[in-house]
Amino acid sequence: MIASAARSRWMKTASRALAAIPIVAIAGPALATINAATRAQLKYLDHPLEGKECSSCLEFIPGMTEADLGGCKKIPQDDEIVPSGYCTLWNTM
C-alpha cells in the first residue's frame, strides 16, 4: 500500500513537471543582460567614435540581423551591445 501511494505521488509530480515544459518554452526569450561594470571600464559608448564601431570590431558578436543588438567577446554577460557602438578595445587586426 505504501509503495502504491508513493508511486501515485511520483506520477502526479512527474506529470505536472511534463505539463509545465511547454509553458516554459512559450514564455519567451530570457531577459537581456548588461554588464555595466565592464562597460564603464572599457568606456563603452552606444555610438561610433572617429569612424570606429562595434560592428567592424573582431570582438563583436552580431545579433540575428544587422540591426539587432549583439554581444562582445570582451564584455561577458552582456547581450545589449549596439552594432554602431564603440569601446577602447576596438580591434580590426
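Everything that follows concerns the structure shown earlier in this document.
Values in this document were obtained by computation on a predicted structure and should not be read as measured data.

Another aspect to go through is the overall build of the chain. Per the secondary structure count, the chain includes 2 helices and 2 strands. Secondary structure of the chain in N-to-C order comes out as α-α-β-β. For the chain, the proportion of its 93 residues judged to be buried stands at 20%. Residue pairs in contact within the chain that sit at least 24 positions apart in sequence constitute 66% of those at least 6 positions apart. Per element, the accessible surface of the chain, about 7100 Å² overall, is 64% carbon and sulfur.

Next up on the list: unusual backbone geometry. You will see that Lys43, though not glycine, has its phi angle at about 55°, which is positive. Among the secondary structure elements, Lys43 is positioned in the loop between α2 (36-41) and β1 (60-61). Accessibility expressed as a relative area gives 56% for Lys43, which makes it exposed. Here Gln77, not a glycine, exhibits a phi torsion of approximately 55°, which is positive. If you trace the backbone, Gln77 turns up in the segment after β2 (71-72). Gln77 sits in the exposed class, given a relative accessible area of 68%.

Leu42, Tyr44, Cys54, Phe60, Cys72, Ile75, Ile81 and Cys87 together form the largest nonpolar core, which totals 8 residues. When near neighbours in sequence (up to four residues on either side) are disregarded, Ile75 contacts Asn35, Thr38, Arg39, Leu42 and Ile81.

Over the atoms rolls a probe the size of a water molecule, and its path tells where empty space is left. Under the defined criterion, the tally for this structure stands at 1 cavity of 30 Å³ or more. Around the largest cavity, the lining residues are Tyr44, Cys54, Cys57, Glu59, Phe60, Cys72, Lys74, Ile75, Ile81, Cys87, Leu89 and Trp90. Considering only residue class, the lining of the largest cavity consists of 10 nonpolar, no polar and 2 charged.

For Asp78, the location among the structural elements is in the segment after β2. Look at Asp78 and you get buried, because its relative accessible area is 6%. Polar side-chain contacts of Asp78 include one of 3.0 Å to the backbone nitrogen of Asn35. Dropping the residues within four chain positions of it, Asp78 is found in contact with Thr33, Ile34, Asn35, Arg39, Gly70, Gly71 and Cys72.

The rules behind each value
- Residues numbered from 1 in each chain as written.
- Predicted model: local features only at pLDDT ≥ 70, side-chain atom pairs only at ≥ 80, totals over all residues.
- Heavy atoms only, no water.
- Helix = DSSP H or I, 4+ residues; strand = E, 2+ residues; numbered from the N terminus.
- Buried < 20%, exposed > 50% of the residue type's maximum accessible area, 1.4 Å probe, protein only.
- Contact = heavy atoms within 4.5 Å.
- Areas by Shrake-Rupley, 256 points an atom, 1.4 Å probe, with all protein chains shown as cover.
- Core = buried A, V, L, I, M, F, W, Y, C linked by side-chain atoms within 4.5 Å.
- 1 Å grid on protein atoms, 1.4 Å probe; cavity = no way out; pocket = protein on both sides within 12 Å on 5 of 7 lines; lining within 4 Å.
- Points joined across faces, edges and corners; volume = space filled by probe spheres on them.
- Nonpolar A, V, L, I, M, F, W, Y, C, P; charged D, E, K, R; others polar.
- Polar contact = N/O pair within 3.5 Å; in protein donor to acceptor, adjacent residues only side chain to side chain.

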